[in-house]
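# Tertiary structure, described
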Amino acid sequence: MSDTFTFTIDGVEVTATKGQTIIEAADQSGVYIPRLCYCEGLKPYGGCRICTVLINGRPQAACTQPAAPGIEVTNESAELNKHRRALIDMHFVEGNHFCMFCEKSGDCELQALAYRFGITAPQYPYMFPKRDIDATHPDIFIDRNRCVMCGRCVQASRDVDGKNVFQFVGRGSDKRVAVNSEANLADTDMAASDKAAEVCPVGALLRKRVGFAKPIGKRDYDNTPIGSDIESGKSAAQ
Amino acid sequence: MSKPKVATTSLAGCFGCHMSLLDIDDRILKLIELVDFDKSPINDIKKFTGRCAVGLVEGGCANEHNVHVLQDFRRNCEILISVGDCAIMGGIPAVRNGIPLKECLDEAYINGPTVYNPSGQIPNDPELPLILDRVYPCHEVVKIDYHLPGCPPPADMLWEALVALLTDKPLDLPYELIKYD
Ligand code: SF4
Ligand code: SF4
């Protein structure tokens, strides 16, 4: 098939199909590239930059960059991992992540990244920003203290649910997820069955009355690091 | 040769991390063979009796007194460890960090639904340590050498970390022991 070609990640040859991004080809080959905003099934947006790799020596977001024949990708390097760790640390200090009472704890992708990188404390001072919550909707709540601005809910609502319930407003540290109504989430046509209700990587957008259902020890990242499924080849079948 | 000393304290914490330390169960007997406890609520020694190899700090700094104790620990301990989420990020007490201090005090002493306070005064005796504007993680107040996260950290994590440090081994925590909850 002329549609397939090869390139290397950390010196190991991987196969890709025309049109695939680096992250898609890597996933398929059992190579995990750390990522936060990327979500299978949604259009990659290159926002979090945790998936930054070197392509022929230049930094690029692996989720948006198309794979190309013969390119040399660096994924695992001390320097890249240092930058990734810095980004993860910044998320923790720029939000209010009280993992001890968060319903998403154990299943949270940000927390899991921190675990995978062995982070015991962030290296920057905490900002303790003032952020709003919106618990008006009967089935879903938003806790913006935990939002990492990944845009998954924005995309899922627009592209999958066809509703446009969410949108980013504001700039810089004032940026936040807003809802498409005069006041609150309850006034939108958001439903618990929406794709947008399940894509949040952290505990910012959660369905009500399902929290803490999984016992400690059985949660997604209790025993194996995030990315292990990819590394063990289990996700390659998809 | 005398055994190395270990000191522990709880600042703005709930003593859960100390309970987790007791959760090492019968290994506490092995620990006693390895170390002597110095200033600590475990033996109720109030003042440092000498330099300590390791200091374990539970809780962040919510008031002036917490800061003094923490600085005292830094002066007297070779290795200072933040134990638990309160010491590392402020924890539950830091939930007040988004609320102005005056509002917190008014809620606690005047407006709270269960408050009975006919004088309407907020306690201000000079004996009471001054409340800080917000709760500070320990490493924003003094240098901290290691952080053991968790609410509380698992007993096994405390055990592994203490044994490694006391026997000069590298502190290599297994994946399953690093938890923020
Ligand atoms: S969303 Fe994740 S990182 Fe944030 S508090 Fe919850 S568990 Fe912790
Ligand atoms: S609410 Fe969740 S899904 Fe939406 S932008 Fe924030 S972190 Fe991402």
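Residues numbered from 1 in each chain as written. Chains lettered and ligands numbered in written order. Predicted model: local features only at pLDDT ≥ 70, side-chain atom pairs only at ≥ 80, totals over all residues. Heavy atoms only, no water.

Once that is clear, we can look at the overall build of chain A. A count of helical and extended segments in chain A gives five helices and ten strands. Against the compact-globule benchmark of 18 Å for 238 residues, chain A has a radius of gyration of 18 Å, which places it among compact chains. Principal axes of the C-alpha set define a box for chain A whose edges measure 50 × 40 × 35 Å. Going through the 238 residues of chain A one by one, you find that 50% of them count as buried. The contacts in chain A between residues at least 6 apart in sequence include a share of 62% that link residues at least 24 apart. Counting only carbon and sulfur atoms, one obtains 50% of the accessible surface of chain A, whose full area is about 11,400 Å². (Helix = DSSP H or I, 4+ residues; strand = E, 2+ residues; numbered from the N terminus. Rg over C-alpha atoms; globule rule 2.2 N^0.38 Å. Buried < 20%, exposed > 50% of the residue type's maximum accessible area, 1.4 Å probe, protein only. Contact = heavy atoms within 4.5 Å. Areas by Shrake-Rupley, 256 points an atom, 1.4 Å probe, with all protein chains shown as cover.)

This paragraph deals with the site of ligand 2. Residues in close proximity to ligand 2 total 13 residues, the closest being A:Cys147, A:Cys150, A:Gly151, A:Cys153 and A:Cys200. Class assignment of the residues belonging to the shell around ligand 2 gives a composition of eleven nonpolar, one polar and one charged. (Near = heavy atom within 4 Å. Nonpolar A, V, L, I, M, F, W, Y, C, P; charged D, E, K, R; others polar.)

Residues and elements named next belong to chain B. Read across the open sheet, the five strands follow the order 2-1-3-5-7; overall the sheet is parallel. Only two strands of the sheet have a single neighbouring strand rather than two, namely strand 2 (36–37) and strand 7 (146–148). Looking at chain direction, strand 3 (residues 52–58) and strand 5 (residues 77–83) are connected through six bridges and run parallel. Note on strand 5: the bridge partner recorded for Leu-56 is Ile-81. Sheet strands touched by helix 3 (residues 64–76): strand 1 (5–10), strand 3 and strand 5. Its angle to strand 5, the strand with the most contacts, is close to 140°. (Pairing = 2+ DSSP bridges. Axes fitted to C-alpha atoms, helices over the stretch in contact; angles between N-to-C directions.)

Turning our attention to the environment of B:Asn97. One can find B:Asn97 in the loop between helix 4 (85–89) and helix 5 (101–111). By relative accessible area, which is 11% here, B:Asn97 ends up buried. Sequence separation of B:Asn97 and B:Tyr136 is 39 residues, and the distance between their C-alpha atoms is 9.0 Å. Not counting residues up to four positions away in its chain, the partners in contact with B:Asn97 are A:Phe128, B:Arg134 and B:Val135. Separated by 2.8 Å, the side chain of B:Asn97 and the backbone nitrogen of B:Val135 make a polar contact. (Polar contact = N/O pair within 3.5 Å; in protein donor to acceptor, adjacent residues only side chain to side chain.)

Attention shifts here to the confidence of the model for chain B. Overall, the prediction assigns chain B a mean pLDDT of 96, with 99% of residues at 70 or greater. Note on the complex model: pTM 0.95, ipTM 0.94. (pLDDT = per-residue confidence, 0-100.)

In the case of a regular strand, side chains alternate between the two sheet surfaces. Residues and elements named next belong to chain A. Across four bridges, strand 8 (residues 166–169) lies against strand 9 (residues 176–179) in antiparallel orientation. Looking across to strand 9, one finds that Gln-167 is bridged to Ala-178. A loop of six residues connects strand 8 with strand 9, the two strands running antiparallel in sequence, and Gly-170 in this loop sits at a positive phi of about 85°.

So, on to helix 3 (residues 109–116) of chain A. Residues and elements named next belong to chain A. Taken across its eight residues, helix 3 has seven buried, putting it largely inside the fold. Of the residues making up helix 3, those classed as buried are Glu-109, Leu-110, Gln-111, Ala-112, Leu-113, Ala-114 and Tyr-115. The inward-facing, buried residues of helix 3 abut helix 2 (78–94) and helix 4 (152–160). At the C-terminal side of helix 3, Gly-118 shows a positive phi close to 65°.

As a further point, take the sheet that holds strand 3 (residues 52–55) of chain A. Residue and element names in this part refer to chain A. Strand order across the open sheet formed by five strands is 2-1-5-3-4, with mixed pairing between neighbours. The sheet is open, and its two borders are formed by strand 2 (12–17) and strand 4 (58–61), each paired with just one other strand. If you compare each strand with its neighbour and ignore which way they point, the axes differ by 40° on average. Pairing between strand 3 and strand 4: four bridges, direction antiparallel. Bridge pairing in strand 4 places Ile-55 opposite Arg-58.

Bringing the packing of helix 2 of chain A against helix 3 of chain A into the picture now. Helix-helix packing is characterised by the crossing angle of the two axes and by the distance between the axes. All names here are of chain A. One can describe the packing of helix 2 onto helix 3 by two numbers: an axis separation of 10 Å at closest approach and a directional angle of 130°. Compared by their axis directions, helix 2 and helix 3 come out oblique. Note that helix 2 runs across helix 3; the crossing there is left-handed. Residues Ile-88, His-91 and Phe-92 of helix 2 form the contact with helix 3, whose own contacting residues are Leu-110, Gln-111, Leu-113 and Ala-114. (Parallel < 35°, antiparallel > 145°, perpendicular 65-115°, else oblique. Left-handed = near helix turned anticlockwise from the far one by under 90°.)

Turning our attention to the environment of B:Leu158. All names here are of chain B. Within the secondary structure, Leu-158 is located in helix 6 (residues 155–166). For Leu-158, a relative accessible area of 3% corresponds to the buried category. When near neighbours in sequence (up to four residues on either side) are disregarded, Leu-158 contacts Cys-17, Ser-20, Leu-21, Val-83, Leu-148 and Pro-153.

With 24 residues of chain B in contact, the opposing surface of chain A contributes 29 residues. In total, chain B and chain A occlude about 2,100 Å² of area from one another, counting both sides; carbon and sulfur atoms represent 65% of this. Counting every contact that joins chain B to chain A gives one salt bridge. When contributions to the side of chain B that touches chain A are tallied by element, the ones reaching two or more residues are helix 4 and strand 6 (131–136) of chain B. Of the residues forming the side of chain B that touches chain A, the biggest block, three residues, is contributed by helix 4 of chain B. (Buried area = accessible area lost by both parts, 1.4 Å probe. Salt bridge = Lys/Arg side-chain N within 4 Å of Asp/Glu carboxyl O.)

This next bit is on unusual backbone geometry. A cis amide bond links B:Cys151 to the next residue, B:Pro152, at an omega of -5°. Here B:Pro152 shows up in the loop between strand 7 and helix 6. Backbone geometry places A:Asn164, a non-glycine residue, at a positive phi of 55°. The topology assignment puts A:Asn164 in the loop between helix 4 and strand 8. The exposure class assigned to A:Asn164 is partly exposed, which follows from its relative accessible area of 35%.

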